[in-house]
Amino acid sequence: MSTWKVAVIIGLGVGAMLIMQSGDLLDSVGNGYPIWRETGLLARAVVCIIAVFSLLAIGWLHGLLFSPLELLRGPDDVGYIAEDGRSRAQAANEVRRRRKTGELPPVYPNGWYRVLDSHMLKRAEVKSASVLGEQVAVFRDQDGKAYVVDAYCPHLGANLAVGGRVVGSCIECPFHGWQFRGNDGKCVRIPYADKVPEFAKVRCWPSCEVNRQILVWFHCDKEDPQWSVPEQQEITKGEWVYRGRTEHFINAHIEEIPENAADIAHLAHLHTPGILSGVDLRYTYSKTWEFVRHDWKVQWEPEPEPNKHCSQMLVKHALTVFGCHWSLLDICVVARQVGPGVVFLQFEHSFLGRGVILHCVTPVEPLLQCVSHTIYYQSNIPPLVPKFILKAECIQFERDVMIWNNKKYISKPLLVKEDSAIQKHRRWYSQFYSENSPRLQYQRDTLDF
């Protein structure tokens with residue numbers, strides 16, 4: 001429980017005690033509070049209410065100025081229009097049922113994917129996660145090293161992440177106590193058996209912990225990692241500190257999301273209206289907020305060997321208010337994508353400082369992506385600055401979510417010459433698919449892959 005909540009609870013308790021105590025009991029502590037003793041019950045209640053609201057205001061202000069910003073959206077929270085008395089969940093389900101998916105590329109590209117942020121997993125703790133259509137158990141051993149294994153015990157199928165516990169560098173099954181080593185998945189102990197079969201093991205996912213995130217490597221042919229996720233030295237050294245995170249679930253193919261980097265034309269239309277106009281695309285061009293506009297200059301290019309798995313988007317942002325250019329808020333962003341699921345959005349500003357947003361896309365299911373944005377910023381810059389940047393980025397991103405959640409993937413789009421970067425991006429992204437990469441198939445109106 002947060003400190004300010006504890007303070008409010010204590011304040012409420014003390015206030016109730018002061019209101020309800022009789023004069024005799026107050027007299028017993030001396031004559032130090034004659035004004036309070038002579039005050040009526042109603043006046044006491046008003047004073048206590050004012051005190052509680054003051055505590056709430058202080059707590060809110062403390063959170064605004066110093067606490068990290070965390071906005072975690074559910075799968076139905078963003079991107080759907082609920083009309084005719086329907087809930088957002090009903091609207092989302094209807095869109096999912098009726099939407100045409102198109103001719104999709106393989107659903108799980110080969111690469112590194114975020115599973116958890118490091119601070120979410122303590123020593124000797126086990127967490128459950130859903131990645132790439134699989135359930136996995138993520139645990140941290142007594143020495144602090146994190147491992148990722150298949151969630152289901154090969155013995156009788158118990159979920160290791162539900163009731164399992166960490167024993168040394170192993171995870172113990174909650175059903176029969178079998179223990180599996182984190183580094184290779186091998187079973188090292190069966191409490192009631194004289195011998196452990198050599199073939200007794202659980203799948204161990206190649207994983208790494210970098211930039212305070214735990215990531216897993218996926219390859220459809222079980223090949224070893226072909227590149228590493230670069231380390232952001234400022235995060236490792238503590239020069240840039242955690243200032244917040246957003247999380248969204250996108251009902252679309254994974255390739256739709258990074259393709260936005262090469263879709264330069266959409267920035268001028270979708271993201272020009274000011275962030276004050278919100279995320280509902282029916283109202284973003286409202287005349288109420290048209291005095292604020294964002295201007296963008298963007299260039300996307302793939303990187304050459306040996307970093308062909310990387311690409312860069314250079315973004316120059318300018319803000320115009322009532323036709324006047326506010327140069328103080330001009331920001332240059334270098335968005336470097338590493339593989340299909342990790343992007344480094346690096347900010348550098350002479351006044352606002354430096355930092356990075358780690359943009360991670362992880363497939364949960366074939367057409368459900370978990371997208372997180374985690375911001376680290378200079379420790380000597382007031383937290384309000386990176387929190388505002390993250391909130392502004394969140395608003396712009398949720399406009400894209402409304403598009404992605406309702407669109408159809410078109411494998412052979414109708415493009416003009418100004419859209420050439422889109423085809424270039426698709427050719428670059430195709431390197432993450434292999435011949436055996438899983439595809440989405442329709443069988444009797446159900447989705448199997």
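Residues numbered from 1 in each chain as written. Predicted model: local features only at pLDDT ≥ 70, side-chain atom pairs only at ≥ 80, totals over all residues. Heavy atoms only, no water.

Engineer: Got a minute to help me understand the sheet that holds strand 11 (residues 213-218) in this structure?
Structural biologist: Adjacent strands of a sheet pair through backbone hydrogen bonds, lying either parallel or antiparallel. In space, the 3 strands of this open sheet follow the order 2-11-10, with antiparallel pairing throughout. In this open sheet, the two edge strands, each paired with only one partner strand, are strand 2 (111-117) and strand 10 (207-210). Ignoring which end each strand starts from, the neighbouring axes of this sheet average 30 degrees apart. (Pairing = 2+ DSSP bridges. Helix = DSSP H or I, 4+ residues; strand = E, 2+ residues; numbered from the N terminus. Axes fitted to C-alpha atoms, helices over the stretch in contact; angles between N-to-C directions.)

Engineer: I'm lost on the packing of aromatic side chains in this one. Help?
Structural biologist: Think of a pair of aromatic rings as described by two things: how far the centres are apart, and how the planes are tilted against each other in angle. Evaluation of the coordinates by the stated rule reveals 15 aromatic pairs. The interplanar angle of 75 degrees and the centroid separation of 6.0 Å between the aromatic rings of W300 and W428 together place this pair among those described as edge-to-face. Of this pair, W300 sits in strand 13 (residues 292-302) while W428 sits in helix 10 (residues 420-429), and the two are 128 residues apart along the sequence. Just as W300 is buried, W428 falls in that class too. Geometrically, the ring pair formed by Y429 and Y433 is edge-to-face, given 5.9 Å between the ring centres and 65 degrees between the ring planes. Side by side, Y429 and Y433 carry an identical accessibility label, which is buried. (Phe/Tyr/Trp six-rings, centres within 6.5 Å; stacked < 30°, edge-to-face > 60°. Buried < 20%, exposed > 50% of the residue type's maximum accessible area, 1.4 Å probe, protein only.)

Engineer: What is the right way to look at a negative patch on the surface in this model?
Structural biologist: On the surface, a cluster of negative charge is contributed by D221, E223, D224 and E435. For D224, the position within the fold is in the loop between strand 11 and helix 6 (233-236). The exposure class assigned to D224 is exposed, which follows from its relative accessible area of 61%. (Patch = residues over 30% accessible without salt bridge, like charges linked within 9 Å, V, L, I, M, F, W, Y side chains within 5 Å. Areas by Shrake-Rupley, 256 points an atom, 1.4 Å probe, with all protein chains shown as cover. Salt bridge = Lys/Arg side-chain N within 4 Å of Asp/Glu carboxyl O. Lys, Arg positive; Asp, Glu negative; His and termini not counted. Charge placed at Lys NZ, Arg CZ, Asp CG, Glu CD.)

Engineer: Where do I start with the environment of V343 in this structure?
Structural biologist: Its place among the elements puts V343 in strand 17 (residues 342-349). What makes V343 buried here is its relative accessible area of 11%. Distance in space between the C-alpha atoms of V343 and C310 is 9.2 Å, their sequence separation being 33 residues. In this view, V343 contacts A335, R336, Q337, I357, L358 and H359; residues no more than four positions away in its chain are not counted. (Contact = heavy atoms within 4.5 Å.)

Engineer: What is the right way to read the side chain of E234 from this model?
Structural biologist: With respect to the helices and strands, the residue E234 is situated in helix 6. Note on E234: relative accessible area 15%, which makes it buried. Polar side-chain contacts of E234 include one of 3.4 Å to the side chain of R354. (Polar contact = N/O pair within 3.5 Å; in protein donor to acceptor, adjacent residues only side chain to side chain.)

Engineer: Please clarify how empty space enclosed by the protein should be interpreted in this entry.
Structural biologist: To locate leftover empty space, one rolls a probe as large as a water molecule over the atoms. This structure, assessed with the given rule, holds 1 cavity of 30 Å³ or more. Quantified by volume, the largest cavity comes out at close to 70 Å³. Around the largest cavity, the lining residues are R99, K100, T101, L104, A252, H253, E256, L367, K407, K408 and Y409. Among the residues forming the lining of the largest cavity, the class breakdown is 4 nonpolar, 2 polar and 5 charged. (1 Å grid on protein atoms, 1.4 Å probe; cavity = no way out; pocket = protein on both sides within 12 Å on 5 of 7 lines; lining within 4 Å. Points joined across faces, edges and corners; volume = space filled by probe spheres on them. Nonpolar A, V, L, I, M, F, W, Y, C, P; charged D, E, K, R; others polar.)

Engineer: Any chance you could explain the pairing of strand 5 (residues 146-150) here in plain terms?
Structural biologist: When a strand is regular, its side chains alternate between the sheet's two faces. With respect to burial, strand 5 is a largely interior element, 5 of its 5 residues being buried. In the sheet, strand 4 (residues 134-140) pairs with strand 5 via 5 bridges, with the strands oriented antiparallel. Note that in strand 5 the partner of V136 across the bridge is D150. In textbook terms, the turn of a hairpin is the stretch between consecutive antiparallel strands, and for strand 4 and strand 5 this stretch comprises 5 residues, one of which, G144, has a positive phi near 95 degrees.

Engineer: Looking at this model, I keep getting lost on the layout of surface pockets. Mind explaining?
Structural biologist: Taken as a whole, the largest pocket encloses approximately 1,100 Å³ of empty space. When contributions to the lining of the largest pocket are tallied by element, the ones reaching two or more residues are helix 7 (256-259), helix 8 (264-270), strand 13, strand 14 (310-321), strand 16 (331-338), strand 17 and helix 9 (384-404). No other element matches the 9 residues that helix 9 contributes to the lining of the largest pocket. Taken together, the residues of the lining of the largest pocket break down into 28 nonpolar, 11 polar and 2 charged.

Engineer: Help me understand the nonpolar core, please; the structure alone is not making it clear to me.
Structural biologist: What tends to happen in soluble globular proteins is that the nonpolar side chains get buried as a cluster. Core analysis: the biggest nonpolar cluster contains 77 residues, and V138 and I250 have the highest contact counts within it. Per-element tally for this core: the top contributor is helix 9, with 6 residues. Taken domain by domain, the makeup of this core includes at least three residues from each of domain 1 (70-99 + 233-431) and domain 2 (111-218). Core analysis: the second largest hydrophobic core is formed by 18 residues, Y147, V149, A200 and V202 among them. (Core = buried A, V, L, I, M, F, W, Y, C linked by side-chain atoms within 4.5 Å. Domains from an automatic or database assignment.)

Engineer: How should the environment of K308 be read in this particular structure?
Structural biologist: Examined against the element boundaries, K308 turns out to sit in the loop between strand 13 and strand 14. Expressed as a C-alpha distance, the spacing of K308 and V338, which sit 30 residues apart in the sequence, is 9.2 Å. Those residues within four positions of K308 in sequence are excluded, and the remaining contacts are E303, W428 and Q431.

Engineer: Where do I start with helix 10 in this structure?
Structural biologist: Residues separated by three or four positions in an α-helix point in the same direction, a consequence of the helix having 3.6 residues per turn. Within the sequence span of helix 10, burial applies to A421, I422, H425, R426, W428 and Y429. Buried positions in helix 10, seen along its axis, are confined to an arc of 160 degrees and lie on one side of it. (Arc of directions from axis to C-beta.)

Engineer: In this structure, what is going on with the pattern of salt bridges? I would like to understand it.
Structural biologist: Opposite charge on two side chains makes pairing possible when the charged atoms of those side chains draw close. Under the defined criterion, the tally for this structure stands at 20 salt bridges. For R73, the salt bridge identified is with E398, shortest N-O distance 2.8 Å. Of this pair, R73 sits in the loop between strand 1 (69-72) and helix 5 (88-98) while E398 sits in helix 9, and the two are 325 residues apart along the sequence. What makes E398 buried here is its relative accessible area of 5%. Ionic pairing is found between E256 and K407, a salt bridge with its closest N-O pair at 3.0 Å. Residue E256 is located in helix 7, and its partner K407 is located in the loop between helix 9 and helix 10; the two are separated by 151 residues in the primary sequence. Given the relative accessible area of 5%, E256 is considered buried. A relative accessible area of 28% places K407 in the partly exposed class. When salt bridges with common partners are traced through the structure, they connect R114, D117, R245 and E247 into a single cluster.

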